[in-house]
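Residues per chain are reported as follows:
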Amino acid sequence: MNSPLTVNGREYAWPRQPLVAVCIDGSQPEYIEEAIAGGHMPFTQKMLESGTDLRGQSVVPSFTNPNNLSIATGVPPKVHGISGNFFLDPESGQEVMMNDPKFLRTGTLFQSFHEAGAKIAIVTAKDKLRRLLGHGLDYTSGRAICFSSEKANETTLAENGIENAHGMVAKPIPSVYSAELSEFIFDAGVKLMRSFRPDLMYLSTTDYIQHKHAPGTPIANQFYAMMDHYWEEFHAQGAALALTADHGMNAKFNQAGEPDVLYLQSLLDEWLGAKQARVILPITDPYVVHHGALGSFATVYLVDSTKAHELAVRLTEVEGVEASYTNMEGCVAFDLPNDRLGDLIVVSTTNKVLGTTPERHDLSQLKEPLRSHGGVCDRQVPLVFSQQVEATGVLLHNYDLFDLALNHAS
Ligand SMILES: [Zn+2]
């Protein structure tokens, strides 16, 4: 038995059996609850008789990258540095994607366990997360595999620890806008559990379905039934399961079915004059079909940052704003890195989203009424385990997933 490891100030016991941790992207707790109630997840229902069904919070901004990295490091963005999918790089003044490992300020659990001799397998839906999650793994060791289903046909031993990962899944490479992109992950995961038998496996899906379909609706239920089937296979292979989400998901449209948007850049231009404020939406990514870059979190850079406090107070009065903070207040409230957020931090109410200006959002690709995330209102996540797990505190986060599964399961 290997001795416990300390990763980013937290101690973790060595896995006693292979552990499969799943981050179900955008899995508002009601998705699993409704699917179980409708009889669509027979394995999970049975698993919970002897397992554990908890709820926790994601980090805010409740977006994909900050939360996947929080789960993978066991600490909030203040420590690991990934504060959005997207941010304003103070060094270059450019708005850039936060996909590059150079933005990571700590190592991951995967890296530490790998260095201590563990076998690690990571499969993501989109390639944007793969490099961050797989950072620090030595692919020449024969003990690390990390790839995305999006690019499973491009994997190499040197970059991913596996030659042509696509070869083991008898399915075509799915579209990035599909449920199949997530199914591919589980199919590959089940095969890797058999052939590679990792000590730790991390699977991270895409929220394409959750952006379009509410909990309990037929297509959402079908998606959860698909996952239930694969989870049963992992269980049959003797693996423990630990499930959470990177964030929840809520309806963000008005009675007419249109996205209910507060255009923050337009509002601040009206208040302050042009070019005095720059609104950054850290949800922004190339996958606009999901959400049109509309979410419930924004940060604002001001030319005159001495106005921050006054503006934060004034914004609180605006309909649709749930809370607004100065950089200092917001970073304390949400455990965020000060240097990667603007002078103001704004979160919207549950069914509202924050935009920049109307002409900067292409909503033509949104086929269904908008469902999105990003705010405090979207931070409810499941923490579900195949084993009996003793909850460690009053307030749990998704980044307690490995602590709970490795240290508190019996
Ligand atoms: Zn996500």
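Residues numbered from 1 in each chain as written. Predicted model: local features only at pLDDT ≥ 70, side-chain atom pairs only at ≥ 80, totals over all residues.

(A) Representation of the overall build of the protein in the model. When helices and strands are counted, the protein shows 14 helices and 19 strands. Taking 410 residues into account, the globule formula puts the C-alpha radius of gyration at 22 Å, and the protein, at 21 Å, falls close to it. For the protein, the spread of C-alpha atoms along the three principal axes comes to 60 × 45 × 40 Å. Per-residue burial over the protein gives 54% buried out of 410 residues. Within the protein, counting contacts between residues at least 6 apart in sequence, those at least 24 apart form 71% of the total. (Helix = DSSP H or I, 4+ residues; strand = E, 2+ residues; numbered from the N terminus. Rg over C-alpha atoms; globule rule 2.2 N^0.38 Å. Buried ≥ 20, exposed ≤ 12 C-beta atoms within 10 Å, placed from the backbone. Contact = placed C-beta atoms within 7 Å.)

(B) Focus on the sheet that holds strand β10 (residues 240-244). The mixed open sheet is built from 7 strands, whose spatial order is β4-β19-β10-β3-β9-β7-β8. Each having just a single partner strand, β4 (52-57) and β8 (144-148) make up the two edges of the open sheet. With strand direction ignored, the average angle separating the axes of adjacent strands in the sheet is 10°. Two strands pair when backbone bridges link them, and strand β3 (residues 19-23) and strand β9 (residues 200-204) are joined in this way by 5 bridges, in the parallel orientation. The residue of β9 that forms the bridge with Leu19 is Leu200. (Pairing = 2+ DSSP bridges. Axes fitted to C-alpha atoms, helices over the stretch in contact; angles between N-to-C directions.)

(C) Seen up close, unusual backbone geometry. Going from Val60 to Pro61, the amide bond is cis rather than trans, its omega being 10°. One non-glycine residue, Asp335, adopts positive backbone phi at about 55°. Secondary-structure assignment places Asp335 in the loop between α13 (327-334) and β16 (344-348).

(D) The arrangement of the domain arrangement of the protein in detail. Per the domain assignment, the segments making up the protein are domain 1 (5-248 + 379-407) and domain 2 (261-372). Here the C-alpha centroids of domain 1 and domain 2 sit 28 Å apart. Looking at which element gives the most residues to the side of domain 1 that touches domain 2, the answer is helix α9 (residues 208-212), with 4 residues. The class makeup of the residues in the side of domain 1 that touches domain 2 is 14 nonpolar, 6 polar and 5 charged. (Domains from an automatic or database assignment. Nonpolar A, V, L, I, M, F, W, Y, C, P; charged D, E, K, R; others polar.)

(E) Geometry of the nonpolar core. Judged by nonpolar contacts, the single largest core of 82 residues is most densely connected at Ala21, Phe110 and Ala405. Examining the composition of this core, we find that 8 residues originate from one element, helix α8 (residues 180-195), more than from any other. Each residue touching Ala21, except ones within four places of it in the same chain, is listed here: Met201, Tyr202, Ala242, Leu401, Phe402 and Ala405. (Core = buried A, V, L, I, M, F, W, Y, C linked by C-beta atoms within 7 Å.)

(F) Up close: the packing of helix α2 (residues 42-50) against helix α10 (residues 218-236). The contact between α2 and α10 brings their axes to 7 Å, and the two run at 50°. Taken together, the axes of α2 and α10 are oblique relative to one another. Contact with α2, carried on its side by Pro42, Phe43, Thr44 and Met47, involves Asp228, Trp231, Glu232 and His235 of α10 and no other residues of that element. For the contact of α2 with α10, the per-class residue count stands at 4 nonpolar, 2 polar and 2 charged. (Parallel < 35°, antiparallel > 145°, perpendicular 65-115°, else oblique.)

(G) Local environment of α13. Looking at α13, one finds that the buried residues are Asn327, Gly330, Cys331 and Phe334. Taken down its axis, α13 places every buried residue within 95° of arc, on the same side. The elements touched by buried residues of α13 are α4 (77-80), α12 (308-316), β15 (321-326) and β16. With its phi angle positive at about 55°, Asp335 sits one or two positions after the end of α13. (Arc of directions from axis to C-beta.)

(H) Seen up close, the sheet that holds strand β13 (residues 277-280). Read across the sheet, 4 strands follow the order β13-β14-β16-β15 without closing on themselves; strand pairing throughout is antiparallel. A single partner strand is all that each edge strand has here, and the edge strands are β13 and β15. The mean angle between the axes of side-by-side strands here comes to 20°, regardless of whether they run parallel or antiparallel. Pairing of strand β14 (residues 297-302) with β16 involves 4 bridges; the strand directions are antiparallel. Within the sheet, the bridge partner assigned to Thr299 lies in β16 and is Ile345. Helix α11 (residues 264-272) contacts β13, β14 and β16 of the sheet and is inclined by roughly 170° relative to β13. Together, β15 and β16 form the strand contacts of α13, whose direction differs from that of β15 by roughly 115°.

(I) Main features of the packing of helix α1 (residues 30-37) against α10. Put simply, α1 and α10 touch, their axes get as near as 9 Å, and they point 85° apart. One way to sum up the angle between α1 and α10 is to call them roughly perpendicular. Residues Tyr31, Ile32 and Ala35 of α1 form the contact with α10, whose participating residues are Ala220, Asn221, Tyr224 and Ala225. The residue inventory of the contact of α1 with α10, partitioned by class, reads 6 nonpolar, 1 polar and no charged.

(J) The arrangement of the pairing of β10 in detail. The buried count for β10 comes to 5 of 5 residues, which makes it a mostly enclosed element. Alternating residues of β10 divide into Ala240, Ala242 and Thr244 and Leu241 and Leu243, and every residue in both groups is buried. The sheet contact formed by β3 and β10 spans 5 bridges and is parallel. Counted as the bridge partner of Val22 is Leu243 from β10. As paired elements, β10 and strand β19 (residues 380-385) share 2 bridges and run antiparallel to each other. The partner of Ala242 across the bridge, within β19, is Phe385.

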